Amino acid sequence: MSNSSSNTQFHLLVFGNTRELQLLHFWLFLGIFLVALMANGLIISAIACDHHLHTPMYFFLLNLALLDLGSISTTVPKSMASSLWNNRAISYAGCAAQVFLFLFLISAEFYLLTVMAYDHYIAICKPLHYGTLLGSRTCVHMAAAAWGYGFLSALMHTANTFSLPLCQGNAVDQFFCEIPQILKLACSDAYLREVGVLAVGVCFAFGCFVFIVLSYVQIFRAVLRIPCKQGRHKTFSMRLPHLAVVSLFISTGTFAYLKPPSISSPSLDLVVAVLYSVVPPAMNPLIYSMRNHEISDALRKLMTGCFQKQ
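Calculation notes
- Going along each chain's sequence as written, the residues are numbered from 1 onward.
- Local features in this predicted model are restricted to residues whose pLDDT is 70 or higher, and side-chain atom pairs enter the listing and the counts only when it is 80 or higher, whereas totals over whole chains, interfaces and linings include all residues.
- Side-chain figures throughout are based on the complete set of non-hydrogen atoms in the structure, without hydrogens or water.
- Counting from the N terminus, the helices are DSSP H or I runs at least four residues long and the strands are E runs at least two residues long.
- Here the globule rule reads 2.2 Å times residues to the power 0.38, and the radius of gyration is calculated from C-alpha atoms.
- With a 1.4 Å probe rolled over the protein chains alone, any residue whose accessible area is under 20% of its type maximum counts as buried; one over 50% counts as exposed, and the rest are partly exposed.
- When charges are counted, neither His nor the chain ends are considered; positive counts come from Lys and Arg and negative counts from Asp and Glu.
- By convention, the point assigned to a charge is CZ for Arg, NZ for Lys, CD for Glu and CG for Asp.
- Definition used for salt bridges: Asp or Glu carboxyl oxygen within 4 Å of a side-chain nitrogen of Lys or Arg.
- By convention in this document, the label disulfide applies to cysteine sulfur atom pairs within 2.5 Å.
- Remark: nonpolar core denotes a set of buried residues (Ala, Val, Leu, Ile, Met, Phe, Trp, Tyr, Cys) joined through side-chain atoms within 4.5 Å.
- Helix axes are fitted to C-alpha atoms over the stretch in contact, other axes to C-alpha atoms as well, and angles between N-to-C directions run from 0 to 180 degrees.
- Angles below 35 degrees are treated as roughly parallel, those above 145 as roughly antiparallel, those between 65 and 115 as roughly perpendicular, and all remaining angles as oblique.
- Left-handed describes a crossing whose near helix is turned anticlockwise from the far helix through less than a right angle; right-handed describes the clockwise counterpart.
- Only Asp, Glu, Lys and Arg are considered charged, only Ala, Val, Leu, Ile, Met, Phe, Trp, Tyr, Cys and Pro nonpolar, and every remaining residue, Gly among them, polar.
- We call two residues in contact when some of their heavy atoms are within 4.5 Å.
- A helix is expected to reach a length of 1.5 Å times the quantity of its residues less one.

Counting its secondary structure elements, the protein contains eleven helices and two strands. Of the regular secondary structure in the protein, the N- to C-terminal order runs β-α-α-β-α-α-α-α-α-α-α-α-α. A globule of 310 residues ought to have a C-alpha radius of gyration of about 19 Å, and the protein, at 21 Å, matches this closely. Dimensions of the protein along its principal axes, counting C-alpha atoms only, are 70 × 50 × 35 Å. In the protein, which comprises 310 residues, the proportion classed as buried is 47%. The average position of the 18 basic charges and that of the 12 acidic charges among the side chains of the protein differ by 10 Å.

This is the structure:
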């Protein structure tokens with residue numbers, strides 16, 4: 001029998017048994033990672049450099065880009081290195097650090113997406129009160145609360161998970177250190193404590209999701225009252241993709257952490273993990289900047305300035 005104190009490393013999931021499949025995984029993840037890196041980096045640069053974008057909506061979008069950049073950088077590069085060098089091993093400390101950082105960033109993102117839904121609701125349903133309800137100090141406090149909640153949540157889950165005795169080996173059936181997969185290695189019944197803590201966290205996430213849905217219901221009701229058909233179409237085309245990405249992120253994340261063991265399988269677990277950990281960081285900057293002329297103009301100015309300096 002082995003326990004957490006005697007384990008010095010874990011072994012992550014490999015993509016395929018052949019070298020060709022491993023290299024295919026490396027190049028696929030590299031492409032997604034570079035898209036996420038470039039898209040989020042451009043949004044951060046555009047918002048930071050253009051004073052016209054120093055508004056609550058873009059302040060929250062900048063925070064979202066930072067969280068997306070951090071979350072995908074926590075999991076994907078290690079997975080790519082494992083496939084490229086055919087080395088599945090990750091140290092015990094490295095696994096704990098990956099769990100903490102990933103949970104910190106996605107937990108903060110859950111909260112931030114809720115704040116952004118509130119921002120959209122105030123902007124469309126109560127535009128005359130926007131400046132009063134979302135002043136600069138309020139926005140900073142909301143963003144700080146998101147980061148603070150993520151930190152405390154990650155600290156609690158990481159400490160709880162890695163205090164459990166592990167009796168089922170050290171093979172993690174996922175391309176990164178994920179709590180549900182680590183719990184499978186725990187001794188019988190020892191994991192129930194962390195499952196209970198996870199259930200509480202997921203209930204909070206579900207509450208956030210309900211708030212987001214209700215906010216968008218109010219937004220869509222207000223939009224339907226807009227007399228201009230073009231205005232309705234523009235608002236729907238911007239808000240519906242946001243809601244779709246948020247729904248994908250929250251539903252797959254909740255399923256990954258609360259699905260019953262009876263329906264768990266390596267392929268299903270892998271698909272779900274990719275959908276909530278890899279797809280949103282790459283899609284969010286594209287979705288939130290799509291049809292956004294202010295972001296497009298800011299990026300154009302940024303690019304023009306860079307070329308003129310050269």
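Bringing the pattern of salt bridges into the picture now. Within the structure shown, the criterion is met by three salt bridges. With its nearest N and O atoms 2.7 Å apart, the salt bridge here joins Asp297 to Arg300. One end of the pair is Asp297 and the other is Arg300, both in helix H11 (residues 293-309) and three residues apart, which spans about a single turn. Taken together, the shared-partner salt bridges connect Lys184, Lys259 and Asp269 into one network.

So, about the state of the cysteines. Applying the stated criterion across every chain, the model contains one disulfide. Here Cys95 pairs with Cys177 through a disulfide, and the sulfurs are 2.1 Å apart. With the S-S bond torsion at -125°, the cross-link from Cys95 to Cys177 turns out left-handed. Of this pair, Cys95 sits in helix H3 (residues 92-125) while Cys177 sits in the loop between helix H5 (136-161) and helix H6 (179-183); the two residues are 82 residues apart in sequence, bridging distant segments of the chain. Among the residues examined, Cys95 registers a relative accessible area of 0% and is labelled buried. What makes Cys177 buried here is its relative accessible area of 2%. With no disulfide partner, Cys125 has as its closest neighbouring cysteine sulfur the one in Cys139, 17 Å distant.

Turning our attention to the nonpolar core. Most often, soluble globular proteins have nonpolar side chains that are buried together. Membership of the largest hydrophobic core comes to 83 residues, with the highest contact counts inside it found for Leu61, Phe175, Tyr257 and Tyr276. Here the element with the most residues in this core is H3; it accounts for 17 residues.

What follows concerns the packing of helix H1 (residues 19-49) against helix H2 (residues 56-85). Two elements in contact, H1 and H2, have axes whose closest approach is 9 Å; the angle formed by their N-to-C orientations is 160°. Classified by the angle their axes make, H1 and H2 are roughly antiparallel. Helix-helix and strand crossings are classified by hand; for H1 and H2 the assignment is left-handed. Among the residues forming the contact of H1 with H2, the class breakdown is 24 nonpolar, six polar and two charged.

Here the focus is the side chain of Ser79. Looking at where Ser79 falls in the secondary structure, it is placed in helix H2. If near-sequence neighbours (up to four positions away) are discounted, Ser79 is found in contact with Phe15, His25, Phe29 and Phe175.

We now examine the environment of Leu152. As for its placement among the helices and strands, Leu152 is situated in helix H5. C-alpha of Leu152 to C-alpha of Phe104: the two residues are 48 residues apart in sequence and 7.8 Å apart in space.

With that settled, the discussion passes to the packing of H2 against helix H10 (residues 279-289). Interaxial distance between H2 and H10 falls to 9 Å at its minimum, and their mutual angle equals 155°. Of the possible angle classes, the one that applies to H2 and H10 is roughly antiparallel. Between H2 and H10 the crossing geometry is left-handed. In this structure, H2 contributes Leu61, Leu64, Asp68, Ser71 and Ile72 to the contact, and H10 contributes Pro280, Pro281, Asn284 and Tyr288. Looking at side-chain class alone, the contact of H2 with H10 contains six nonpolar, two polar and one charged residues.

Now for unusual backbone geometry. Even without a glycine there, the phi angle at Asn86 is positive, about 55°. Along the chain, Asn86 turns up in the loop between H2 and strand E2 (89-91).

The next thing to look at is the environment of Arg221. Looking at the element boundaries, Arg221 is found in helix H7 (residues 192-224). On the basis of relative accessibility, which here comes to 48%, the residue Arg221 falls in the partly exposed class. Linking Arg221 and Gly41, residues 180 residues apart in sequence, is a C-alpha distance of 34 Å.

This paragraph deals with H1. Taking 1.5 Å per residue, 31 residues should reach 45 Å; H1 reaches 44 Å between its end C-alpha atoms and fits that length. Looking only at H1, the buried set comprises Gln22, His25, Phe26, Phe29, Phe33, Ala36, Ala39, Asn40, Ile43, Ile44, Ala46 and Ile47.

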